[in-house]
Amino acid sequence: MIQIVDDTRRTLLLGFAAAVLLGTTAAAQSAVPAAELVRQTAIAQMFGIESATLALHKTSSPAIKDFAHQLASEQGAVTSGLRRIIAKRSDIALPDRPDGRHLDLLRDLSDKQGAAFDKAYVEAQRSTHHEAALMLERYASEGDDAELKSFAAQSLPVFREIERKSRELPVAP
């Protein structure tokens, strides 16, 4: 009798765990809302440009300076494309500044010097542009707004290239 209760309990727990995992996976894979795509892309762009400005003033690494120049240029082009789309619409607005997490990253970067700055800058670029590329990829394949879907598909190679280049940057120990 005890064995039957233990087997039943184990089966129920495994079934519950599987249901939770499936629900979490489905939620993680659900389509990105158009407003969230715009918000997150704009924040990544603002962070990229503002952190590039910091890098140009704080780093002595030629590779990081080159990356920052290219990042600011490429992000500026993507930003103008997104602004053109949103300017014609009243249902979505661009944020006027980065979110709290990215503002904290910018404050942290502004407080660092030398190798500590370089390391934090490279890590921030890698994570920010990886997240943005994943989101753009999802929207390009699953998005429900045709104009933003096209924007995501066109912008994705830019974000992938920035992510790739950030992975090539030297990081001081």
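What you see is a predicted model; the values in this text were computed from it and never measured.

Reading the values: the criteria
- Position numbers for residues start from 1 in each chain and track the written sequence from start to end.
- Residues qualify for local features only when their pLDDT is at least 70, as the model is predicted, and side-chain atom pairs are given and counted only at 80 or more; totals for whole chains, interfaces and linings, by contrast, use all residues.
- Note that the side-chain values use all heavy atoms of the structure and ignore hydrogens as well as water.
- Starting at the N terminus, helices and strands are each numbered in turn, a helix being any DSSP run of H or I of at least four residues and a strand any DSSP run of E of at least two.
- Each residue gets one of three labels from its accessible area relative to the maximum for its type: buried under 20%, exposed over 50%, partly exposed in between, using a 1.4 Å probe on protein chains only.
- The contact criterion used throughout is that any non-hydrogen atoms of two residues lie within 4.5 Å.
- What is meant by a nonpolar core is a set of buried Ala, Val, Leu, Ile, Met, Phe, Trp, Tyr and Cys residues, joined one to another through side-chain atoms within 4.5 Å.
- What qualifies as a polar contact is a pair of N or O atoms within 3.5 Å, subject to a donor-acceptor requirement within protein and to the restriction that residues adjacent in sequence count only when both atoms come from side chains.
- Lines fitted to C-alpha atoms define the axes, with helix axes restricted to the stretch in contact, and inter-axis angles between N-to-C directions lie between 0 and 180 degrees.
- Orientation is classified from the angle alone, with under 35 degrees giving roughly parallel, over 145 giving roughly antiparallel, 65 to 115 giving roughly perpendicular, and any other angle giving oblique.
- Crossings are classed by handedness, with left-handed meaning an anticlockwise turn of the near helix from the far one by less than a right angle and right-handed meaning a clockwise turn.
- Three residue categories are used. Nonpolar comprises Ala, Val, Leu, Ile, Met, Phe, Trp, Tyr, Cys and Pro, charged comprises Asp, Glu, Lys and Arg, and polar comprises the others, including Gly.
- What counts as a ring pair is set by centres within 6.5 Å for rings of Phe, Tyr and Trp (its six-membered ring), and what kind of pair is set by the plane angle: stacked under 30 degrees, edge-to-face over 60, tilted for all other angles.
- Every residue gets a pLDDT, meaning the predictor's confidence in that residue, from 0 to 100.
- Salt bridge, as applied in this entry: a Lys or Arg side-chain nitrogen positioned within 4 Å of an Asp or Glu carboxyl oxygen.

This part is about the overall build of the protein. Counting its secondary structure elements, the protein contains 6 helices and 0 strands. Element order for the protein, N to C, with α for helix and β for strand: α-α-α-α-α-α. Going through the 173 residues of the protein one by one, you find that 38% of them count as buried. Put simply, 79% of the contacts in the protein that link residues at least 6 apart link residues at least 24 apart.

Counting residues in hydrophobic clusters, the biggest one holds 24 residues, and the most contacted among them are Leu37, Leu82, Leu136, Tyr139, Leu148 and Phe159. Within the residue set of this core, elements represented by two or more residues are α2 (34-58), α3 (62-87), α5 (114-142) and α6 (146-168). When residues in this core are grouped by element, the largest group, 7 residues, is from α2. Beyond its immediate chain neighbours, meaning those up to four positions away, Phe159 contacts Thr41, Ala44, Gln45, Gln75, Val78, His129, Ala132, Ala133 and Leu136.

Before going further, it helps to spend a moment on the side chain of Gln75. By secondary structure assignment, the location of Gln75 is in helix α3. Reaching out from Gln75, the side chain makes a polar contact with the side chain of His129 at a distance of 2.8 Å. Setting aside anything within four residues of it in sequence, one finds Gln75 in contact with Ala44, Gln45, Ile49, His129, Phe159 and Ile162.

Below, the discussion takes up the environment of Arg107. As for its position among the elements, Arg107 is in helix α4 (residues 100-111). For the pair Arg107 and Ser51, spaced 56 residues apart in sequence, the C-alpha to C-alpha distance is 9.8 Å.

For the rest of this paragraph, the subject is the packing of α2 against α6. A pair of packed helices can be characterised by two numbers: the angle between their axes and the separation between those axes. One way to put it is that α2 packs onto α6 with a least axis distance of 12 Å and a crossing angle of 30 degrees. On the basis of the axis angle, α2 is roughly parallel to α6. As α2 packs across α6, the resulting crossing turns out to be left-handed. The segment α2 lies against α6, with Ala34, Leu37, Val38, Thr41, Ala44 and Gln45 engaging Leu148, Phe151 and Phe159. A breakdown of the residues in the contact of α2 with α6 according to their chemical character gives 7 nonpolar, 2 polar and no charged.

With the rule as written, the count across this model stands at 2 aromatic pairs. Taking the centre distance of 6.2 Å and the plane angle of 80 degrees together, the rings of Phe67 and Tyr121 count as edge-to-face. Pair noted here: Phe67 is in helix α3 and Tyr121 is in helix α5, with a separation of 54 residues, a long-range link. Each member of the pair Phe67 and Tyr121 is classed as buried. In this structure an aromatic cluster arises from ring pairing among Phe67, Phe117 and Tyr121.

Confidence along the protein averages 83 in pLDDT terms, with 82% of residues attaining 70 or more. Ranking the elements of the protein by mean pLDDT puts helix α1 (residues 2-29) last with 44 and α4 first with 95.

Taken as a whole and judged by the stated rule, the model has 13 salt bridges. Between Arg160 and Glu137 there is a salt bridge, and its shortest N-O distance comes to 2.7 Å. Remark: Glu137 occurs in helix α5 and Arg160 occurs in helix α6; sequence separation between them is 23 residues. Arg160 sits in the partly exposed class, given a relative accessible area of 40%. Judged by its relative accessible area of 36%, Glu137 is partly exposed. A salt bridge links Lys165 to Glu161; the shortest N-O distance between them is 3.6 Å. You can see Lys165 and its partner Glu161 sitting in helix α6, 4 residues apart, about one turn around the helix.

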